[in-house]
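Each chain is listed here by its residues.
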Amino acid sequence: KYEYLFNFGANISDFVYIGASLGINSISYDDTHYFKEDATDPYMFENIFTDSNGAELTTYFKKATYKHSYSADGTGIFGKIGVIVTPGAGLRFGAAIQTPSTTTIKEQWQDMASTSFTDSSCNGEAESELGRSEYTFNSPWRFNFGLAYTLGRFAVVSADYEVADYGGMRYMTDKHDMNDEDIEYFEYVNEDIREAYGTVHQLRIGAEVKPFSSLAIRAGYNLKNSALKKEYNAEIEEYQSIEPVYYQNVSFGIGYSSKKSFFADLACRYRFATEEFIYPYSDYLFEQK
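Residue indices begin from 1 for each chain and proceed along its sequence in written order. Local features are withheld for residues below a pLDDT of 70 in this predicted model, meaning they are given only at 70 or higher, and side-chain atom pairs are given and counted only at 80 or more; totals for whole chains, interfaces and linings count all residues. Working from all heavy atoms in the structure, the side-chain values ignore hydrogens and water.

### Some details on the overall build of the protein chain
Link 1 in the chain: Summing up its helical and strand segments, the protein chain has 1 helix and 17 strands in all.
Link 2 in the chain: What the globule rule says is 2.2 Å times the number of residues to the power 0.38, and the radius of gyration is computed from C-alpha atoms. Relative to its length of 289 residues, the protein chain is extended, with a C-alpha radius of gyration of 28 Å against a globular reference of 19 Å.
Link 3 in the chain: In the protein chain, buried positions account for 23% of the 289 residues.
Link 4 in the chain: In this description, contact between two residues means that some pair of their heavy atoms is separated by no more than 4.5 Å. Looking at the protein chain alone, contacts between residues at least 24 apart form 59% of all its contacts between residues at least 6 apart.
Link 5 in the chain: Calculation of accessible area relied on Shrake-Rupley with a 1.4 Å probe; when residues are assessed, cover is drawn exclusively from the protein chains displayed. Summed over all atoms, the accessible surface of the protein chain reaches about 21100 Å², with 56% contributed by carbon and sulfur. Runs of H or I in DSSP of at least four residues are treated as helices and runs of E of at least two as strands, each being numbered from the N terminus. The classification of residues rests on relative accessible area computed with a 1.4 Å probe and restricted to protein chains. Under 20% of the type maximum is buried, over 50% is exposed, and intermediate values are partly exposed.

### Considering the environment of Gln98
Link 1 in the chain: Within the secondary structure, Gln98 sits in strand β5 (residues 91-98).
Link 2 in the chain: Note: C-alpha distance between Gln98 and Pro140 (42 residues apart in sequence) is 8.8 Å.
Link 3 in the chain: With residues near it in sequence (within four places) discarded, Gln98 still touches Phe78, Gly79, Lys80, Trp141 and Arg142.

### Section: a nonpolar patch on the surface
Link 1 in the chain: What goes into a patch is any residue over 30% in relative accessible area without a salt bridge, connected to like charges within 9 Å or, for nonpolar side chains (Val, Leu, Ile, Met, Phe, Trp, Tyr), within 5 Å. Within this document, salt bridges are pairs made up of a side-chain nitrogen of Lys or Arg and a carboxyl oxygen of Asp or Glu, the two lying within 4 Å of each other. Side chains of Ile12, Ile18, Ile81, Val83, Ile97, Trp141, Phe143, Phe145, Tyr161, Leu203 and Ile205 sit close together on the surface and give an oily, nonpolar patch of about 910 Å² of accessible area.
Link 2 in the chain: Counting only elements with at least two residues in the nonpolar patch, the list comes to β4 (56-88), β9 (142-151) and β12 (199-212).
Link 3 in the chain: Residue Val83 is classed as partly exposed on the basis of its relative accessible area, which comes to 32%.

### Things to note about unusual backbone geometry
Link 1 in the chain: The backbone phi angle of Ser13 is positive, close to 55 degrees, even though this residue is not glycine.
Link 2 in the chain: If you trace the backbone, Ser13 turns up in the loop between β1 (2-12) and β2 (16-38).
Link 3 in the chain: With relative accessibility at 70%, the residue Ser13 sits in the exposed group.
Link 4 in the chain: For Asp14, which is not glycine, the phi torsion reads 55 degrees and is therefore positive.
Link 5 in the chain: Tracing the sequence through the fold places Asp14 in the loop between β1 and β2.
Link 6 in the chain: Owing to a relative accessible area of 52%, Asp14 belongs among the exposed residues under this scheme.

### Thoughts on the pairing of β9
Link 1 in the chain: Strand pairing follows a simple DSSP-based rule, namely that at least 2 bridges must link the two strands. Bridging between β5 and β9 involves 8 bridges; their strand directions are antiparallel. Within β9, the residue paired with Arg92 across the bridge is Ala148.
Link 2 in the chain: As paired strands, β9 and strand β10 (residues 155-165) are joined by 10 bridges and run antiparallel to one another. Residue pairing in the sheet places Thr150 in a bridge with Val156 of β10.

### Some remarks on the environment of Tyr66
Link 1 in the chain: Position of Tyr66 relative to the elements: it lies in strand β4.
Link 2 in the chain: Assessed through its relative accessible area of 33%, Tyr66 is described here as partly exposed.
Link 3 in the chain: Sequence spacing of Tyr66 and Glu37 is 29 residues, and the spatial spacing of their C-alpha atoms is 8.9 Å.
Link 4 in the chain: Setting aside residues no more than four positions away along its own chain, Tyr66 makes contact with His33, Tyr34, Phe35, Asp111, Met112 and Ala113.
Link 5 in the chain: For this analysis, a polar contact is any N or O atom pair within 3.5 Å, provided that within protein one partner can donate a hydrogen and the other can accept it, and provided that sequence-adjacent residues contribute only side-chain to side-chain pairs. Separated by 2.4 Å, the side chains of Tyr66 and Asp111 make a polar contact.

Given below as structure tokens:
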């Protein structure tokens, strides 16, 4: 993922600062799966084929290979505008709005397979047509509000609040290039998004202390709720409300900067354990009989 920003800023009497950004993001994703199976003893796997003349031919399985390839490329654009007000005494207030990122994504995929037998005349291979798809994804609006207090050159404390409505995410496509089945699919996906996702609130608090001009010690805290408000229950085939899930993170860091051009920063973050699990595969057996 790449992001390019074009920024504009204005200073009004060192009291109000206005900034605007035009952002362009691009993504490139490639995924290829290979599955290969070899028979330790081919003669344990007998296969009987019928040729074009109706005669039966006995052969034995040796190996099979399957390949699935997928790629996606996208380019998007978004805008952001913000303002900072500094009334004095080390205090400043800020607010910003970020528009949805409208990203056009182009996908393509293909499947290929081959089998091998002891009788090579029975070997086979095939590949699917190259599949293609193009659609647009809109991320949610983001609103940000913050304040900070600076204690001279010794310390700074800041608090930042952000809100984003993930239920407003949308997939769109050019209906002129899609059939009715594809158009209906996107409508179902957007309805699922509206049903399942809600507003995310995020609070970030941070502080930095500089006991020496070359040394900075930092700490931060982050609290936010999950975007998921409902989950799909396959047994009753409908969405059900779930208990709110909150995520907490704490971070610590240290920074060094010389009087010349050298600087270094080191940071770590800890996420509080929750009852959630990560499932890298979709076919877990949670109950065994």
